[in-house]
Structures are given as C-alpha cells and as structure tokens.
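Residue-level listing of the chains:
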Amino acid sequence: MKGSFRASMAWLHTTLGLITGWVLFAIALSGSLSVYRQEITLWMHPELASQRVDPIQACSQAIDWLGQHAGTAAAWYVACPTPQAPFATGTWPDAQGAYSQRVLDPQSGSPDGLRDTLGGEFFYRFHFELQLPYPWGRLIAAIAALALVVALVTGIIIHRRIFADFFTFRPNKGQRSWLDAHNLLGVAALPFHLMISLTGAVTLASLLLPWSTQAVYHHDERASYTELNPALYARPASGQPGHLVPILPLIEMADRHFRGAGIAQIYVFNPSDRASLVTFISGNSQTVSTSARIMTFDGVTGQLLNAHTETRPVIRLYTFLYGLHVARFAPALTRRLYFVSGLALAVVIGSGMHLWAIKRLRQRPHIGHLIVSRLNTGILAGTPLAFATYFLANRLLPSALAGRSGYEVRSVFVMWALALVFTLFRQPSRAWPELLGGNMLACLAIALFSMPWASAATLGAGSIALGLAGAFGYATLRTARRA
C-alpha cells in the first residue's frame, strides 16, 4: 500500500498500464479494425464483382469445389455468404494439419482468379492470438484483457472529478493536454471500454481459470468440447471409402428449418469416408447472443442425426457476453460506434503510455526511461503504420504470387520491426513527426487504391482512410513544430 487507498490504486493503474500497455494498444487497434473484417476482406478481393448472391447456391458450389480439390482433407469448414460478405470462405487442413483458407467465388465456388489473402481475418485473429501459437497468444490476450478491466476500475477510483473530466480539455498545455485527452476519451466511452474488456476476458476465461475443466474432464479436451457443443461432434473415420450425398437438398432443408435465420456455417467431417457428417449452423445476426441452432446429417445417407437448440442458461449467458464482444448483431450505426470507441480506447492506452514517458523524462531519466520512451514512439506510431502496410501489400504484391497471404502478413511485422529499430536510433522529437507523416501517406495511398469508390466496401475504406490521413496529418504538423 502507498499510504492511502487512492495512492495504491494510482500505483496499480500505472503499473498495469506500463506492463500491458503495448500489447493492449495493438489489441485495441486490431479489434477496432475487426469490426469491419468482412468489409476489409471484400476490399482485399477487388476481383469480386458487386452482384446479388444466392447463399444456398454459393454454399453448394463451395462444397462441390472442395470435393474436387480437397477430397482427402479430414474436414471442410465453409462460412456462408452474408450481406456484408457476399462470398463463401472455405477452410481445410492438409495431411500435416496445416490449414488453408480461401475466399471462393459465389458463382463458381472456386478461388481461381481471386488473390490469396487473409483479408480482415488477419486483424480478427491477431486481436486475440497476437500471431502466436496456441495457447500462448490467447493467454497473453486474456491476461491483458483482465489487466485492462482492473486498470479501468482503478482509473475510476483515482479520478475524483471523473464527470468534470468529460467537459475538460486544455489544448497547447503540454503534459496537461495529454492528461486531459486521456481522461476525456476514457470517460466518454467508459461503458464501452468496461464492456469490451470484461467480455474479452470472459471469452478467454478457460485459459485464465483452466483448473475446473481439468478436474471435471481430466484433460480430455474433446469431452469438454462435446458437452459444451453437443451437436458439434465428429465421429472417427471408419477407414472405408464413402461418397457424400448431393449437398444442395441438405442445404435447402437446413435453410427451411432455420426459418429465416439463414445458414452461417457448414462443417463436413471425413468427407471421403463412410463415417462422414454434414453439420449446418444457423445464422444469429438478429440476436445479440451467438447461440445457434444446429443440424447434423449422415454424409452418406443424408439421414438427420441430430437437431439441437441451445437452452442451458449458463451457456446462453456466455454466448450473450461473447455476442456483445464480437458485435455480429450490430446494425451499421452500432458498428460505427464500436469502431470509434475502439479507436478511443487505443488513444487512451497510447496517451497513458506517453504520459508516463513524459513524466519520467522531465525528472532524472536513466537509460531505461530513454529506451522505453523511444520504443513507445515505435509502438504508438509504428503499429498503425504496420497495419496500413498490410492494406498496401494487398494491392502492391502480384496477384498470382505463390504464398501471397503469408507475404502480406509478414509485411506487417517487417514494417513494425523497422519502426522500432528506427525509433531506437532517432530522437523522439524527430521520430514522432516522421512516423506520423508516414502514417498519413500510407492512409492516403489506401484511399487512392480504393478508387473509384464504386462499392460500399471501397467507399467505406476510402472515407475512413481519408479521415485517418487528416488526423495523422494534423498530428504531424503539431509534433513537427515542437521538434
């Protein structure tokens, strides 16, 4: 304890922010972009023409293509078209267990002619996996989310004038202006920040508190998964060859059973085996909860094996909290609020880290403070530049390049590393305007690559990129004057 309760909470608030701030900044920024992950995927596939898509026919074509080109895979996973993403996505493992994922043309069911890219899926996965192997990335994200919950609560405790902070901003006051911005944005979107951090921790709670599951299921993850998802089971392969029944009648039957909710996903297990299964998962965009109705058919006979609707209260509460976090239910206005509030959270985290560095550098800084200050610049100004590079790589890399999606992802981390190295050997007063100016130019390039803004995806990406370019341009001028 630091002499008083509020002083102790201030110490905890600062310590948690310092330890997890860089990770949380990247998580918040990628999470904001994940709100539009389907639109980003569409932007990154300019070959897809804007046209009306029949989801049933698109899913049928996708299954047919997988049968011809991935017939020996252990399973197929098909994400069906939605209004935001008018295409099917196919995922399947190879013999070594490595997964391939491709967007499939809704008319032909083939990825031919479409560039190989993860699209918005990269930001979605990075948001909770940090591009690290399971379970380490998810565990780090879970700990960071829990730390953010505590940091927000302690922030409320230490700010006596929390409501006055909402109306207080004093520009051109140096450190005081940064503190006002930190407080103002923190208070303005506080309910969202509390909700998104708490639900983020809850969705990864099994990694934070794994012992009850281990005690009940004795480390049998399959048994745990089966009980949580009783209709999502995959019986072992029989070793005897089998042929799938025509898939279109099963899709139409499932679509009628789901009564307007549509089909969100199709799983086909052991597709070339006599023990194959075909599972349909209903859409849930009309409700906050991600609970879904599930139908499972025998893949060879077409017989309905199971039809399940989740009714258990605890599971429904979990899916409600998860649904709040991922916002699949959200209409256009709500999604905009999620996006803007997520950016506000990133700014709150970044301004807090910058405040810590400013305060230490004005005292008697030692080498540790100087290194942290420079790395701070690389993270806060380099992360958005690295994410912007992902969009630019999508347009600049040859469309037919083998392993193209991997190169797009690598471009993010190459730019990130370059930004960090650059800031280590550059005075922060010069590095800030230079990196911010790079962000401005990158956003302008994204807006130009979105031309002629003929679709909702290109219009949205172009307008957001222009808005961010303006913000980065203003920040570049302000920091350059102080250099």
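Undergrad: Give a description of the overall build of the protein that names residues and reports values.
TA: Secondary structure assignment for the protein yields 18 helices and seven strands. Taken against the 2.2 N^0.38 rule, which gives 23 Å for 483 residues, the C-alpha radius of gyration of the protein at 24 Å falls within 12% of a compact globule. When burial is assessed residue by residue, the protein has 47% of its 483 residues classed as buried. As presented, the protein carries roughly 24,300 Å² of accessible surface, and 64% of it is formed by carbon and sulfur atoms. In the protein, 37 side chains carry a positive charge and 22 a negative one; their mean positions are 19 Å apart.

Undergrad: Hey, could you go over the packing of aromatic side chains for me, with residue numbers and the actual values?
TA: According to the stated counting rule, one finds 23 aromatic pairs in the structure shown. Ring geometry for F123 versus F387: centroids 5.3 Å apart, planes at 80°, classification edge-to-face. One end of the pair, F123, is in helix α4 (residues 121–129); the other, F387, is in helix α15 (residues 367–396), and 264 residues separate them in sequence. Residue classification places F387 among the buried positions, given a relative accessible area of 3%. The interplanar angle of 85° and the centroid separation of 5.3 Å between the aromatic rings of F123 and Y390 together place this pair among those described as edge-to-face. Residue F123 is found in helix α4, and its partner Y390 is found in helix α15; the two are separated by 267 residues along the sequence.

Undergrad: Provide a residue-level description of the nonpolar core, including the pertinent values.
TA: Counting residues in each nonpolar core, the largest one holds 60 residues, and the members touching the most others are F123 and Y338. Ranked by residue count, the leading element in this core is α15, at 10 residues. Residues in contact with F123, not counting those within four places in the same chain, are S30, L33, S34, I40, F387, Y390 and F391. If you look at the next biggest cluster of nonpolar residues, it comprises 27 residues, including I56, C59, I263 and F297.

Undergrad: Which residues make up the pattern of salt bridges, and what values go with them?
TA: If you walk through the whole model with that rule in mind, you get 11 salt bridges. The partner of E47 in a salt bridge is R115, with the nearest N and O atoms 2.6 Å apart. A residue pair is termed long-range when its members are at least 10 positions apart, and E47 in the loop between α2 (37–43) and α3 (55–69) and R115 in the loop between β3 (99–104) and α4 qualify at 68 residues. Its relative accessible area of 10% is what places R115 among the buried residues. Across the pair D298 and R235 runs a salt bridge, and its minimum N-O distance is 2.6 Å. In this pair, D298 sits in strand β6 (residues 293–298) while R235 sits in the loop between α11 (221–228) and α12 (247–257), placing the two residues 63 residues apart along the sequence. Accessibility expressed as a relative area gives 11% for D298, which makes it buried. Salt bridges here are not isolated pairs; linked through shared partners, they connect R37, E121, R125, E129 and R138.

Undergrad: Talk me through the sheet that holds strand β4 (residues 263–269); I want residue IDs and the actual numbers.
TA: With antiparallel pairing, seven strands are arranged side by side in an open sheet as β3-β2-β1-β4-β5-β6-β7. Only two strands of the sheet have a single partner each, and these edge strands are β3 and β7 (304–309). Within the sheet, the average angular offset between the axes of one strand and its neighbour, ignoring direction, is 15°. When strand β2 (residues 88–93) meets β3, the two strands line up antiparallel, connected through six bridges. In the sheet register, W92 faces β3, and the bridge partner there is S100.

What counts and how
Residues numbered from 1 in each chain as written. Predicted model: local features only at pLDDT ≥ 70, side-chain atom pairs only at ≥ 80, totals over all residues. Heavy atoms only, no water. Helix = DSSP H or I, 4+ residues; strand = E, 2+ residues; numbered from the N terminus. Rg over C-alpha atoms; globule rule 2.2 N^0.38 Å. Buried < 20%, exposed > 50% of the residue type's maximum accessible area, 1.4 Å probe, protein only. Areas by Shrake-Rupley, 256 points an atom, 1.4 Å probe, with all protein chains shown as cover. Lys, Arg positive; Asp, Glu negative; His and termini not counted. Charge placed at Lys NZ, Arg CZ, Asp CG, Glu CD. Phe/Tyr/Trp six-rings, centres within 6.5 Å; stacked < 30°, edge-to-face > 60°. Core = buried A, V, L, I, M, F, W, Y, C linked by side-chain atoms within 4.5 Å. Contact = heavy atoms within 4.5 Å. Salt bridge = Lys/Arg side-chain N within 4 Å of Asp/Glu carboxyl O. Pairing = 2+ DSSP bridges. Axes fitted to C-alpha atoms, helices over the stretch in contact; angles between N-to-C directions.

Everything listed is a geometric property; what it means functionally is a separate question.
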